[in-house]
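The chain contents come next:
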Amino acid sequence: MTLGWYLVRRVAMSFGMIGAVFFGMLMLFETVEMVRRFGGRDVAMSEILWLAALKVPSTFYQILPLLVILSSMAAFLGLARSSELVVIRSAGRSAMRMLREPFIAALLFGVFVVGALNPLVAAASRTYEDRLQMLTSPDLQAQISLEGSALWLRQGDEQGQTVIRARSVEPDGLGFGEVSFMLFDRESGVPLIRIEAAETRLVPGRWILSDAKRWDLRAENPERDSRRYPTLELDSDLTGDRIRESVSRAGMLSVWEMPAFIRALDRAGLSSRTHRAQFQSELALPTLMAAMLLVGAVLCFKHTRAGGTGSRVLITVLAGFALFFLRNFAQVLGENGQIPLSLAIWTPPIASMLLALGVLLNLEDG
């Protein structure tokens, strides 16, 4: 176990250094992008740095598998360069035996990332979107969420904020059933008008309500003064694309919130395939990280004096990027319904692991 912990520490140290370098680079790039975007506006530098710090975790989270393969490659190349691998082999440890503890550590680290870091990244992404919307469109804000079996929307204009609740939604995101509108005053937040409609259709620039009833809450007796309309039109800055895009932002939900959100999507009549694919991808992340560790180590057991180190490093890096691309490509196919979700999500990490083990057995044991 002492030797196993030593190998785990070497891989962890490599991951820490490489992760710090990439995080710093991402922070620099995002800061420059935010300065370019808000440089001409009255936005404090502290706000720009805060936006960049909120944006970086989501990007860093996506490239974690690539960082694992680079860390594994760097750690085992260092061991080979210092002849430590030769000493370990002379003690009777095979390559397969040496990778046992780092493999288990990569699995456990993947579980920690999914269970603990994923909610933090999701919270940072939501905060970033809120702050960005406040800076870009402080007067016109639209928010969309699913709670229970209803879709909640909010739109704003110069008059006030309107909260919209729909019991059901058509797949195109334009047709709604059993819709309730509540208009609030912008200054005081007092409700002004309530509208109930059996069916509602969203067209460019306005809502078209069918069989609607309108209450003026400022009247002495709102029920007595209420009016019915066969058809009623209301202004709106929402579009079907914005609704579908907001609902499909799986990266803004933590892995713990996804099951309930998927059930809410199903009850509301919206497609949950994208979120199901994202949820399966999060569950498969520990397996993918363990597979990436094997891929990074498989070609790095030869001593550097044997030559060919540069070509082995190049092949390892290209293999890591290829597997990362294939995993994302398979997930897109699964989200579009081209192949089953379980096949799209779980095949790349398992195939990568088996491929790495096959190459390792062939190189080490002939």
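Heads up: these notes are all about the structure in this document.

Criteria and thresholds
Residues numbered from 1 in each chain as written. Predicted model: local features only at pLDDT ≥ 70, side-chain atom pairs only at ≥ 80, totals over all residues. Heavy atoms only, no water. Phe/Tyr/Trp six-rings, centres within 6.5 Å; stacked < 30°, edge-to-face > 60°. Helix = DSSP H or I, 4+ residues; strand = E, 2+ residues; numbered from the N terminus. Buried < 20%, exposed > 50% of the residue type's maximum accessible area, 1.4 Å probe, protein only. Lys NZ or Arg CZ within 6 Å of the ring centre and 35° of its normal. Core = buried A, V, L, I, M, F, W, Y, C linked by side-chain atoms within 4.5 Å. Axes fitted to C-alpha atoms, helices over the stretch in contact; angles between N-to-C directions. Parallel < 35°, antiparallel > 145°, perpendicular 65-115°, else oblique. Left-handed = near helix turned anticlockwise from the far one by under 90°. Contact = heavy atoms within 4.5 Å.

Time to look at the packing of aromatic side chains. Applying the stated rule across the entire model yields five aromatic pairs. Ring centres of Phe15 and Phe109 lie 5.2 Å apart, and the angle between their planes is 70 degrees; on these two criteria the pair is classed as edge-to-face. Taken as a pair, Phe15 in helix H1 (residues 2–38) and Phe109 in helix H6 (residues 100–136) lie far apart in primary sequence, 94 residues in all. Relative to Trp207, the ring of Phe181 has its centre 5.5 Å away and its plane inclined at 80 degrees; by these criteria the two rings are edge-to-face. Within this pair, whereas Phe181 is found in strand E4 (residues 175–185), its partner Trp207 is found in strand E6 (residues 206–216), the two being separated by 26 residues in sequence. For the residue pair Phe181 and Trp207, the accessibility class agrees, reading buried in each case. Three or more aromatic residues link up through ring pairs in this structure, and these residues are Phe176, Phe181 and Trp207. The side chain of Arg194 reaches across the aromatic face of Trp215, ending 4.8 Å from its centre.

Core analysis: the biggest nonpolar cluster contains 54 residues, and Phe76, Leu85, Leu99 and Phe301 have the highest contact counts within it. Element by element, the count of residues in this core is highest for helix H9 (residues 273–298), at twelve residues. Residues Ile195, Ala197, Trp207 and Ala212 belong to the second largest nonpolar core, which totals 20 residues.

With that out of the way, let us pick up the packing of H1 against helix H3 (residues 64–81). The interhelical angle for the contact between H1 and H3, taken along N-to-C directions, is 125 degrees, at an axis separation of 8 Å. By the angle between their directions, the pair H1 and H3 is classed as oblique. Remark: the crossing between H1 and H3 carries right-handed chirality. Between H1, through Tyr6, Leu7, Arg10, Val11, Ser14, Phe15, Ile18, Gly19 and Phe22, and H3, the contact on the second element is made entirely by Leu64, Leu67, Val68, Leu70, Ser71, Ala74, Ala75, Phe76, Gly78 and Leu79.

This part covers the environment of Ser83. Mapped onto the secondary structure, Ser83 falls in the loop between H3 and helix H4 (84–90). It is 9.6 Å that separates the C-alpha atoms of Ser83 and Lys302, two residues lying 219 residues apart in sequence.

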